[in-house]
Every structure is written in structure tokens, then in C-alpha cells.
Amino acid sequence: MSSVDTNGEIDYDLLSKLSYLDAVVSETLRLHAPSTTVARIASQDYKLGDTGITIKKGQAVSIPIYAIAHLEEFYPNPESFIPERFLPENKPKLVPYTYLPFGGGPRNCVGMRFGLMEAKLGLAHVIMRYRFFACANTDIPVSLIRNLFLHTPKRVIVGIHKR
Ligand code: HEM
């Protein structure tokens, strides 16, 4: 941050250059995608390659966002927080449609860019001023409330120091 910070001002251009911040947010959403699944309804019969499975017109299909993002074959060491997976030099190696925190295709999240910008802007301002660290009451790993669709942590307790 300090190398690109301009008097505490963070505009859209500056935010777009913070690739490690982007990678941290992306990896957080991979590990803890708030929506665990998305659903579609087949508009026509669809043969799934050579699997012998045909999805019938009108059939509901659930796409397991959380499970796909935790598969070793797509994300080695899947339970570990490794933001480097999402750095610009590594992003092209990701397998398409395995990273779906905002869904996918023409009906993906319409608020994705806004949501990401908001999260990164907030985080950038906070980490410029405060340092966060794990303390005695920090849950490692974070403990989740297991809802059907939305994942939320039971609690998040961390230590904070003013920089
Ligand atoms: C981190 C923040 C967010 C996450 C993880 C998220 C996730 C998602 C997901 C998984 C879907 C379903 C996409 C699909 O079916 O393929 C969705 C849809 C949608 N999201 Fe978000 N979302 C976020 C923020 C926002 C924000 C900030 C807005 C509005 C300002 C928004 C508005 C919508 C709308 C309107 C849809 C329905 C799109 C459609 O059906 O065409 N989302 N979102």
C-alpha cells in the first residue's frame, strides 16, 4: 500500500492497481463464498458429454460453488489461504468455472464489480490505519454457521493495533 498511496486518497485507478489486495479478496471469496450454491433450470434437454447423463428440460440443477472451490484438483491445498493463486501471473492457470462466488454466465451477479470495489476500498482504508492480528480468542479456522445457502461466521474476533 505505502508504495502507491497518495495522501490517503484511493481512487478507482489506484484501487485497480492493488493486485495483492484483489488476490486477498478473491481468495477469501474462494474459501468462504457466501453463496454455497447457485441453481439453474434446463431450458432444453442437455446431454452431459459422454457421462450417459441427460438433463431433461425443466429439471433443476444445483451448482455447488463451495464444493468446487474446495477441490484439490482445481485448488491445490484447498483449505489453505493462498492469495497468490489470484495474482495476475497465476490467474490464467485457474480452470474456468471453478471460481463461482458471483455465479457464472449471463445471469451472474449484477453487483459483482460494485461489491468487489466496495470491499477492496473499505479494506484498503482500514489496513492503512490499523494492523490486525490473531489473538487468544480468534477462531482458527473460522467457525461457520451452516445455512443451506449462505455461509456466515459464528464470530470473528481479532486483535487490532493502530499503525
Ligand atoms: C461479495 C458480494 C456479493 C456476492 C458474493 C454475490 C453473489 C451473488 C451470486 C452467487 C449470485 C447468483 C448468480 C448466478 O446465479 O449465477 C448473485 C446474483 C445477484 N446479485 Fe450478487 N453478490 C454480491 C454482491 C451484490 C451486490 C453489491 C449487489 C447489488 C448492488 C448484488 C446484486 C445481485 C443481483 C441483482 C443478482 C441477480 C442477478 C440475476 O439473476 O440476473 N450482489 N450474487
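Quick caveat: nothing in here was measured; it's all calculated off a predicted structure.

A. Quick peek at the overall build of the protein chain. Within the protein chain one finds four helices and eight strands. Taken from N to C terminus, the helices and strands of the protein chain fall in the order α-α-β-β-β-β-α-α-β-β-β-β. The 163 residues of the protein chain split such that 25% are buried. With the model as given, the accessible surface of the protein chain reaches about 11300 Å², and the carbon-plus-sulfur share is 60%. Charged side chains of the protein chain number 19 positive and 15 negative; the gap between the two group centres comes to 5 Å.

B. Just the side chain of E27, in detail. Take E27: it is sitting in helix 2 (residues 19-31). E27 gets classed as buried once you look at its relative accessible area, which sits at 0%. Setting aside chain neighbours within four positions, we find E27 in contact with S80, F81, I82, P83, R85 and F86.

C. Broad picture of the coordination of the iron atom of the ligand. There is one protein donor for the iron atom of the ligand, and it is C109 (SG), at 2.2 Å. Structurally, C109 is set in the loop between helix 3 (65-69) and helix 4 (112-129).

Thresholds applied
For every chain, the first residue of its written sequence is number 1, and the numbers climb from 1 along that sequence. With the structure being a predicted model, the display of local features is reserved for residues of pLDDT at least 70 and the display and counting of side-chain atom pairs for 80 or more, all residues being used for whole-chain, interface and lining totals. Side-chain numbers come from the whole structure's heavy atoms, not from hydrogens or water. Secondary structure elements follow DSSP: runs of H or I no shorter than four residues count as helices, runs of E no shorter than two count as strands, and numbering proceeds from the N terminus. Whether a residue is buried, partly exposed or exposed follows from its accessible area with a 1.4 Å probe, protein chains only, as a fraction of its type maximum: under 20%, in between, or over 50%, in that order. Per-residue and other accessible areas were derived by the Shrake-Rupley procedure at a 1.4 Å probe size, with only the shown protein chains allowed to occlude residues. Think of it this way: Lys and Arg go in the positive column, Asp and Glu in the negative one, and His and the chain ends go nowhere. Positions of charges follow a simple convention, taking NZ of Lys, CZ of Arg, CG of Asp or CD of Glu. Contacts are residue-level and defined by heavy atoms, with any inter-residue pair within 4.5 Å sufficient. Coordinating donors are taken as N, O and S atoms within 2.8 Å of the metal, stretched to 3.2 Å for Na, K and Ca; because water is absent from the atoms, sites can appear incomplete.

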